[in-house]
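Take a look at the letters that make up each chain.
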Amino acid sequence: MRSSALAITGNLAVVLYLAFSAPLFADTGGTPYRLEVSPAEHETIIDPQTGAELTFLTTHSAADTNLYFHERSWLPDGSVIIFNSSRENGGLMGYLTGTGELIRIAGPAGGVGAATAAVDRNSVYGRRGDDVLEVRLDVHLSDSPADDPSEVMAVERVIASLPKGAHGTSLNPSCDGKHLALGIQGGDEDLPPTIVTINIKSGKVKRVYTVPGTLGYGGHVQWSHTNPFLLSFAGRPQRLWVVDTRDGSARNVYEQLEGELVTHEHWWGQDQLVFCGGLHPKPTEDAHVKVVNIRTGMVRIIGPGSWWPDATPKTISKRNYWHCSGSDDCRWVAADNWHGDITLFEGKTCRPHILTCGHRTYGSGQHPHVGWDPTGCQVIFTSHMLGNPNVCVATIPQGWQEANKTPRLDANEPGARAKPWRRWLRPKAK
């Protein structure tokens, strides 16, 4: 039996559902439809070395991968975790955290891509062709899903349409939940790389920054997690660029040396960016986990990598990092390496904790691409531990949380969000 279950099936069920759910879907203008629900296939183990709980959301033979670590995987209420699957009738899917069942997020017109979860509502944002969509989800869990599957209703609306044929990055929501951002290029207009914002309510599309031809473009468009006016993107050869969406000014916030590795940045709290990098070039590169305060330019190493003269690429990659991401409460930074090992660093003391190891074979397979849940208690990543790519969630042991003395950043507290630093972001005078 489902809580808020709908026993009636067919068109009549949809009509009744629309009538009783009018407040939920009042601002969408669409017609609700039922999502396909599949049985749970999850598996939970305890990491024998660290004690961390590992829950494999998927165990299917197809390749299942988490969203890129810039994007939001959890719905705000924690009821659904979204991911991508190569299985038949896969695409964008969701894991119901209450039962372990899986849903396929696709409507009558087809599936959606370039997805991310919303910040302030139980919606998924994605693209279908040139259209940017909001798909609102309403989950009704079953008390006995093996006999009576849960029910998930969805309704979608077109927020905006992008230039015809333009390809781009995944969507990324602002911390106040009012805008989406992405980078687009090409299409019928033959657009140069352009950073675009979309007002979620009105659908207004604004081209806030066009990457000049003198600067290479590497995507990775993402919004600050504490400042609703700041976006970052990856440039080349200078990697770390921040755009002020109010006036379109851009600034290189970390000026790297020629040959210096700077890669895979992610916004952390208080207008900081974490990234990986070092001074020794590939294939035997060193890659620390660093954090730059974009207001002051101060940089510190939060997770030290290693380098030695006779290292091989395989051995040195075990002691360095490649992707990193920070929890929204500013208490943790997670980093992975080419072997699929995941380490956590305390935000204040930089103390390392190896969370789990062996989720990738060096030289092949998907990288973990570790992302965070909204509470800072769990991370999500792609794991090859079971023999093929699966989506895995690791829970931080409670003892580690209690030992971490880093103050929790609460974005709702007065003063928690950083002030706009427009002067710092303006381009340097030539």
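Just so it is clear, the model here is predicted, and its values are computed rather than measured.

*Asks:* Before we move on, can you summarise the confidence of the model for the protein chain with the specific residues and values?
*Replies:* On average, the protein chain scores 90 in pLDDT, and the residues at 70 or more come to 89%. Every residue in residues 1-23 scores below 50 in pLDDT, and together they form 33 contacts with partners more than four places removed in sequence or on other chains. Ignoring residues within four places in sequence, the model shows residues 412-430, a span with pLDDT below 50, making 38 contacts including any to other chains.

*Asks:* Mind laying out the sheet that holds strand E32 (residues 352-356), listing which residues take part and the relevant values?
*Replies:* Read across the sheet, 4 strands follow the order E29-E30-E31-E32 without closing on themselves; strand pairing throughout is antiparallel. Edge strands, defined here as strands with exactly one partner in the open sheet, are strand E29 (323-326) and E32. Ignoring which end each strand starts from, the neighbouring axes of this sheet average 25° apart.

*Asks:* How would you sum up the packing of aromatic side chains? Please name residues and give values.
*Replies:* Here the distance between the centres and the angle between the planes together describe a pair of aromatic rings. Throughout the structure, instances matching the rule amount to 8 aromatic pairs. Each ring, one from Tyr 68 and one from Phe 69, has its centre 4.7 Å from the other, and the planes form 40°; the classification is tilted. For Phe 69, a relative accessible area of 3% gives the class buried. Measuring from centroid to centroid gives 6.3 Å for Tyr 217 and Phe 233, while their planes differ by 40°, and the two rings are tilted. With Tyr 217 in strand E20 (residues 216-217) and Phe 233 in strand E22 (residues 230-236), the pair connects residues that are 16 residues apart, well separated along the chain. Chaining the aromatic ring pairs together yields one cluster made of Tyr 209, Tyr 217, Phe 233 and Trp 241. The aromatic ring of Phe 229 is capped on one face by Arg 246, whose charged end is 4.4 Å from the ring centroid.

*Asks:* So, the pattern of salt bridges: which residues are in play, and what are the values?
*Replies:* Close approach of charged atoms allows side chains with opposite charge to pair. Per the stated rule, a full pass over the model turns up 16 salt bridges. Notably, a salt bridge pairs Arg 246 with Asp 244, separated by 2.6 Å at the nearest N-O pair. Residue classification places Asp 244 among the buried residues on the basis of a relative accessible area of 0%. Residues Asp 329 and Arg 408 are paired through a salt bridge, measuring 2.7 Å at the closest nitrogen-oxygen approach. In this pair, Asp 329 sits in the loop between E29 and strand E30 (332-336) while Arg 408 sits in the loop between helix H4 (398-403) and helix H5 (422-425), placing the two residues 79 residues apart along the sequence. Taken together, the salt bridges that share partners define one network made up of Asp 120, Arg 121, Glu 134, Arg 136 and Arg 157.

*Asks:* Quick one: what's the story with the pairing of strand E31 (residues 342-346), residue by residue and with numbers?
*Replies:* Side-chain direction in a regular strand flips from residue to residue, so the side chains alternate between the two faces of the sheet. Burial analysis of E31 places 5 of its 5 residues in the buried class, which makes it a mostly covered element. Because side chains alternate across E31, one face comprises the buried residues Ile 342, Leu 344 and Glu 346, and the other comprises Thr 343 and Phe 345, equally buried. Across 5 bridges, E30 lies against E31 in antiparallel orientation. Within E31, the position partnered with Trp 332 by the bridge is Glu 346.

*Asks:* For unusual backbone geometry, give the residues involved together with the corresponding values.
*Replies:* Cis geometry is found at the peptide bond from Arg 236 to Pro 237, where omega equals 0°. Here Pro 237 lies in the loop between E22 and strand E23 (240-244). Between Lys 282 and Pro 283 the backbone carries a cis peptide bond, its omega angle lying at 10°. Tracing the chain through its elements places Pro 283 in the loop between strand E26 (272-278) and strand E27 (288-293). At Asn 89, a position not held by glycine, the phi torsion is positive, near 55°. Positionally, Asn 89 belongs in the loop between strand E6 (80-85) and strand E7 (91-96). Residue class for Asn 89 comes out partly exposed when judged on its relative accessible area of 48%. Positive phi is not limited to glycine here, since Cys 330 has a value of about 70°. Within the secondary structure, Cys 330 sits in the loop between E29 and E30. Accessibility expressed as a relative area gives 8% for Cys 330, which makes it buried.

Rules used throughout
Note on numbering: residues in each chain are counted from 1, in written sequence order. Side-chain atom pairs in this predicted model are given and counted only at pLDDT of 80 or more, local residue features only at pLDDT of at least 70, and totals for whole chains, interfaces and linings cover all residues. Here the side-chain values reflect all heavy atoms present in the structure, with hydrogen atoms and water set aside. A score between 0 and 100, pLDDT records how confident the predictor is in each residue. Contacts: residue pairs with any heavy atoms within 4.5 Å of one another. Only strands joined by at least two bridges in the DSSP assignment are considered to pair. Labels follow the DSSP assignment, with helices taken as runs of H or I lasting at least four residues and strands as runs of E lasting at least two, numbered in each case from the N terminus. Axis geometry follows a simple rule: fit a line to the C-alpha atoms, using only the stretch in contact for helices, then measure angles between N-to-C directions, giving values from 0 to 180 degrees. Only the six-membered ring of Trp is used, alongside the rings of Phe and Tyr, when aromatic pairs are assigned; centres must lie within 6.5 Å, and planes under 30 degrees apart are stacked while those over 60 apart are edge-to-face, with the rest tilted. Per-residue accessibility, obtained with a 1.4 Å probe over protein chains only, is compared with the maximum for each type, and a residue is labelled buried under 20%, exposed over 50%, and partly exposed between these values. We call a charge positioned above a ring when the Lys NZ or Arg CZ atom is no farther than 6 Å from the ring centre and deviates by at most 35 degrees from the ring normal. Salt bridge, as used here, is a side-chain nitrogen of Lys or Arg placed within 4 Å of a carboxyl oxygen of Asp or Glu.

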